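# Chains, contacts and geometry: an overview
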Amino acid sequence: MSRNIPQDIRKIKEELKALKSFQELPAGQLATRAATATWQGVIDKTNPIGVYSILAAFEMTFVRTDGIRKPPLVDFAFLISPQIPNRRNYLRGNIVATGVNSVTYRITIANLVWWPYDTSTGTITIDGAAYSSVPGALSIERVFS
């Protein structure tokens, strides 16, 4: 059995070239503009979801509006005001559901945080954005598990 070495080398070079051209897709390339939504309300430290778990939970849902019934590729971002100190330890965000034309992202605030209020209640604002390659609408709601 004879091998065609030049042909094998050409095939390997083409595969290597294809692998080199693969790049991760940054959020900036997904859309020309983001779908945005805002939630504002009162957080009460004396009324958490769980004593040792979650102070508050929110869901951002991006629903595509182009009529195609497939979950969209979407990247979520959010900003909470006033800002939470040591955000990494007190905030969590992750995708929790996909629908036939939507994706839902949950934000949880740990019950251990209370900023910067001297009382047990305070108003916060969540500004959310969804970056996608397809048109859509974003909504934010407060949820409890």
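Residues numbered from 1 in each chain as written. Predicted model: local features only at pLDDT ≥ 70, side-chain atom pairs only at ≥ 80, totals over all residues. Heavy atoms only, no water.

Along the chain, the regular secondary structure elements total 2 helices and 7 strands. When its helices and strands are written in sequence order, the chain yields α-β-β-β-α-β-β-β-β. Counting all 145 residues of the chain, 32% fall into the buried class. Contacts in the chain between residues far apart in sequence, at least 24 positions, make up 77% of those at least 6 positions apart. Accessible surface, the chain: about 9,700 Å² in total, of which carbon and sulfur atoms supply 52%. (Helix = DSSP H or I, 4+ residues; strand = E, 2+ residues; numbered from the N terminus. Buried < 20%, exposed > 50% of the residue type's maximum accessible area, 1.4 Å probe, protein only. Contact = heavy atoms within 4.5 Å. Areas by Shrake-Rupley, 256 points an atom, 1.4 Å probe, with all protein chains shown as cover.)

Moving on: the nonpolar core. Note that soluble globular proteins tend to have their nonpolar side chains buried in a common cluster. Counting 24 residues, the largest nonpolar core has Phe58, Phe76, Ile107 and Ile126 as its most contacted members. Every element with two or more residues in this core is listed here: strand E1 (35-44), strand E2 (54-64), strand E3 (74-81), strand E5 (102-110), strand E6 (121-132) and strand E7 (136-143). The element contributing the most residues to this core is E2, with 5 residues. Excluding its chain neighbours within four sequence positions, the residues that come into contact with isoleucine 107 are Ala56, Ala57, Phe58, Met60, Phe78, Ile80, Leu91, Arg92, Gly93 and Ile126. (Core = buried A, V, L, I, M, F, W, Y, C linked by side-chain atoms within 4.5 Å.)

Attention shifts here to the confidence of the model for the chain. When pLDDT is averaged along the chain, the result is 80, and 73% of the positions lie at 70 or above. Across the chain, E7 holds the top mean pLDDT of 95, while helix H2 (residues 87-90) sits lowest at 67. (pLDDT = per-residue confidence, 0-100.)

This part is about the packing of aromatic side chains. Across all of its chains, the model carries 3 aromatic pairs by this definition. Between phenylalanine 78 and tyrosine 105 the ring centres are 6.3 Å apart and the planes differ by 50 degrees, which places this aromatic pair in the tilted class. Pair noted here: phenylalanine 78 is in strand E3 and tyrosine 105 is in strand E5, with a separation of 27 residues, a long-range link. Across the pair, exposure class does not vary: phenylalanine 78 and tyrosine 105 are buried alike. (Phe/Tyr/Trp six-rings, centres within 6.5 Å; stacked < 30°, edge-to-face > 60°.)

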